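Breakdown of the fold
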Amino acid sequence: MANQKSCLKKRHHRSIIAFEMIRLDRESAEPLHQQLYRQIRDELKSGSFTDGATRLPSSRSLAIDLGISRLTVKLAFSKLNAEGYLRSQDRSGTFVAKPLPETFLNAARPTTSPAIERPLHISDRVKAIPDHRVGKQFDLGISEATAGVSLIPGHPAVDEFPIAVWERFRAQVLAKKGAHLLRYGSNRGDEDLRKAIATYLCDFRGAHCHPDQIIIVAGMQQAMLMSAMTVLNPGEAAWVEDPGYQQARRAFIFAGAAVVPRPIDQEGIVIAKSSKKPLPRIVYTTPSCQFPLGVTMSFRRRTALIDFVRDSDAFVLEDDYNSEFRFNDPPLPCLQGLDSYGRVIYAGTISKILYPSLRLGYIVVPEQLVDSMAKVRSVMDQHSPTIDQAILARFITEGFFLSHIKRMRKIYSERREFFINEFNKLLSDRFILQIPEAGLHLVAWLRREADFAKVARVRAEIGIKPVALSFFCIAAKLKPAFVFGFAAWTPAQIRESLLRLASALR
């Protein structure tokens, strides 16, 4: 008997943790067994016990000491055992596992001399990017738009997307192609999707292309970066519209190009040669609906631009965003369809038509550049998600893509007309609204330049955040204006937001 008491006393003395320090909060939403598990695990991870103290008390005695049920202790021990912190030994009890899981999860930290503080080295490539966002500003994407009504341009009406149809196609393509869609895909993209896009572009955008010229990309920014890296060497000139899409400028700078801003007139980008500026290797333009001024490039300027890049041994990167959403006249054929020299790289995005997080777009590449462009894509990220590509192929070939475009064109036309009427009714005393032929945004020019600071301050205070036109400028000096979006919001939301803006400006 004396020996048994001595043994029990010895076992109690060798207990690993001072369990009297454990504090269980019965008012907490965290279950008691989870609290106990966490506190024992943290003690084990701290490594503050001696090598000999490897045995835990029994679940019965610990339950009595802590005033909890034995089941609670067993649940905590079971989780620690499953995660590799404890091991059970028949008729002997519960012991600390050796080694602990952290041995395999955390690399050993060699002892070193105190580090010498030095400035962090960031590449010149990153420093050159004209993007001043930091921290959580990146969480909201390129527009920095939070939930709610902001009237920021560039947002489609995602609440109108036919999710049920998309999910039905997802189930069907997975059932049909199964594990095949889980493997690596083609650098150029899903063959069925490339065929569907080629047919759509030839039938409805006046393009002249075949599926082997098409590369599926992760949106317009990747199309820009791939194009720049394929045809430009660092330091060579890239002409961009000014004012223009800020992501194009960022992409070309990141690729090492010397960005040359080019003004916009009533016919589109100005292409007159300058003796002081080097000829471009690539010209970026948005001919269907210039962003942000909304100018549609004239037929005369289109043919002149193609002749110019042919004579300059350069390429045009045609960003055909929002060409589907014209509200007055039929669209002019795309530049690619007018090009007989193989000098136009045509890029389009599906994300703005369907939903932005889809991150699918396409490039129609001149035949002599296809292999080079595919090589660049393979270095970046191999390919876009194969499942989404297969779903999109079905969505297009079965007619839902065209029907969605027609439906959205009607919705956007109604919202556009409503926005124009309400804006002119409430804010015409301060702004002159410019109404382009196409696109999902409008430019409002201030009647009095002195109002700019007040509008800028108010927009931050009330959460209605049209973007200052100057944000899209490089060298252009334009009168103060703001760019409004309307597509993503219902008429009721548009009215309420414009009323708030008008009220705040009074």
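If you're wondering where the values come from, they're calculated on a predicted model, not measured in any experiment. (Residues numbered from 1 in each chain as written. Predicted model: local features only at pLDDT ≥ 70, side-chain atom pairs only at ≥ 80, totals over all residues. Heavy atoms only, no water.)

Section: the packing of aromatic side chains
- Across all of its chains, the model carries 24 aromatic pairs by this definition.
- On the basis of an interplanar angle of 25° and a centroid distance of 6.3 Å, the ring pair of Tyr346 and Tyr362 is categorised as stacked. Of this pair, Tyr346 sits in strand E10 (residues 344-349) while Tyr362 sits in strand E11 (residues 361-364), and the two are 16 residues apart along the sequence.
- A relative accessible area of 0% places Tyr346 in the buried class.
- Ring plane angle 80° and centroid distance 5.2 Å describe the contact between Phe471 and Phe472, whose orientation is recorded as edge-to-face.
- An aromatic cluster of at least three residues, connected via ring pairs, comprises Phe161, Trp166, Phe169, Tyr355, Phe395 and Phe400.
- Taking NZ or CZ as reference, Lys79 lies 4.4 Å from the ring centre of Tyr37, over its face.
- The side chain of Arg343 reaches across the aromatic face of Phe315, ending 4.8 Å from its centre. (Phe/Tyr/Trp six-rings, centres within 6.5 Å; stacked < 30°, edge-to-face > 60°. Helix = DSSP H or I, 4+ residues; strand = E, 2+ residues; numbered from the N terminus. Buried < 20%, exposed > 50% of the residue type's maximum accessible area, 1.4 Å probe, protein only. Lys NZ or Arg CZ within 6 Å of the ring centre and 35° of its normal.)

Describing the side chain of Glu241
- Structurally, Glu241 can be placed in strand E5 (residues 237-242).
- In this structure the side chain of Glu241 is engaged in a polar contact, spanning 2.8 Å, whose partner is the side chain of Thr286. (Polar contact = N/O pair within 3.5 Å; in protein donor to acceptor, adjacent residues only side chain to side chain.)

Thoughts on the pairing of strand E13 (residues 441-446)
- Burial within E13 is extensive, with 5 of its 6 residues counted as buried.
- Pairing geometry for strand E12 (residues 431-434) and E13, over 4 bridges, is antiparallel. Counterpart to Leu433 in the pairing with E13 is Ala444.
- Counting the residues that bridge the hairpin from E12 to E13 gives 6 residues, and of these Gly439 lies at a positive phi of roughly 95°.
- Where E13 lies against strand E15 (residues 481-485), 5 bridges are found, and the strand directions are antiparallel. Within E15, the position partnered with His441 by the bridge is Gly485. (Pairing = 2+ DSSP bridges.)

As for the nonpolar core
- Grouped together as the largest cluster of nonpolar side chains are 71 residues, with contacts concentrated most on Trp166, Leu354, Phe401, Phe419, Phe423, Leu427 and Phe431.
- At 11 residues, the largest contribution of residues to this core is made by helix H15 (residues 400-427).
- Ignoring any residue separated from it by four or fewer positions in sequence, one finds Leu427 in contact with Leu498, Leu501, Ala502 and Leu505.
- Counting residues in each nonpolar core, the second largest holds 59 residues, with Phe308, Val316, Leu369 and Val376 among its members. (Core = buried A, V, L, I, M, F, W, Y, C linked by side-chain atoms within 4.5 Å. Contact = heavy atoms within 4.5 Å.)

Quick notes on helix H7 (residues 163-177)
- With 15 residues, H7 should cover 21 Å at 1.5 Å per step; its first-to-last C-alpha distance of 21 Å lies within 8% of that length.
- For H7, the complete set of buried residues consists of Val165, Trp166, Phe169 and Val173. Looking down the long axis of H7, one finds its buried residues gathered within 95° of arc, a one-sided arrangement. Summarising the geometry of H7, the exposed residues directed more than 90 degrees from the buried face are Ile163, Ala164 and Ala175.
- Tucked inside the fold, the buried residues of H7 contact helix H14 (386-397) and H15.
- One or two steps after H7, the chain reaches Gly178, where phi turns positive at roughly 50°. (Expected span 1.5 Å × (residues − 1). Arc of directions from axis to C-beta.)

Thoughts on the sheet that holds strand E14 (residues 467-468)
- Here we have 4 strands laid out as an open sheet, ordered E12-E13-E15-E14, and antiparallel in their pairing. Two strands lie at the open edges of the sheet, namely E12 and E14, each paired on one side alone.
- By the bridge criterion, 2 bridges tie E14 to E15 in an arrangement that is antiparallel. Looking across to E15, one finds that Val467 is bridged to Val483.
- Each of E12, E13 and E15 touches H15; the most contacted strand, E12, lies at about 165° to it. (Axes fitted to C-alpha atoms, helices over the stretch in contact; angles between N-to-C directions.)

Re the sheet that holds E11
- Taken in spatial order, the 8 strands make up an open sheet running E4-E11-E10-E9-E8-E5-E6-E7, and their pairing is mixed. Looking along the sheet, the strands with just one partner apiece sit at the ends: strand E4 (214-217) and strand E7 (268-269).
- Relative to strand E6 (residues 258-265), E5 runs parallel, the two sharing 6 bridges. Of the residues in E6, the one forming a bridge with Val240 is Pro261.

Looking at the confidence of the model for the protein chain
- For the protein chain, the average pLDDT comes to 88, and 90% of its residues sit at 70 or higher.
- Across residues 4-14, where pLDDT falls below 50, the model places 5 contacts with residues more than four positions away in sequence or in other chains. (pLDDT = per-residue confidence, 0-100.)

A look at the packing of helix H2 (residues 32-46) against helix H4 (residues 70-82)
- Where H2 meets H4, the axes come as close as 8 Å, and the angle between the chain directions of the two elements is 45°. Classified by the angle their axes make, H2 and H4 are oblique. Considering only the axes of H2 and H4, their crossing is right-handed. The segment H2 lies against H4, with Leu32, His33, Gln34, Leu36, Tyr37, Ile40 and Arg41 engaging Thr72, Val73, Leu75, Ala76, Phe77, Lys79 and Leu80. (Parallel < 35°, antiparallel > 145°, perpendicular 65-115°, else oblique. Left-handed = near helix turned anticlockwise from the far one by under 90°.)

With respect to the state of the cysteines
- Under the criterion given, the structure shown has 0 disulfides.
- Here Cys334 stays free of any disulfide, with the sulfur of Cys209 as its closest cysteine sulfur at 8.0 Å.
- We classify Cys334 as buried; its relative accessible area is 0%. (Disulfide = S-S within 2.5 Å.)

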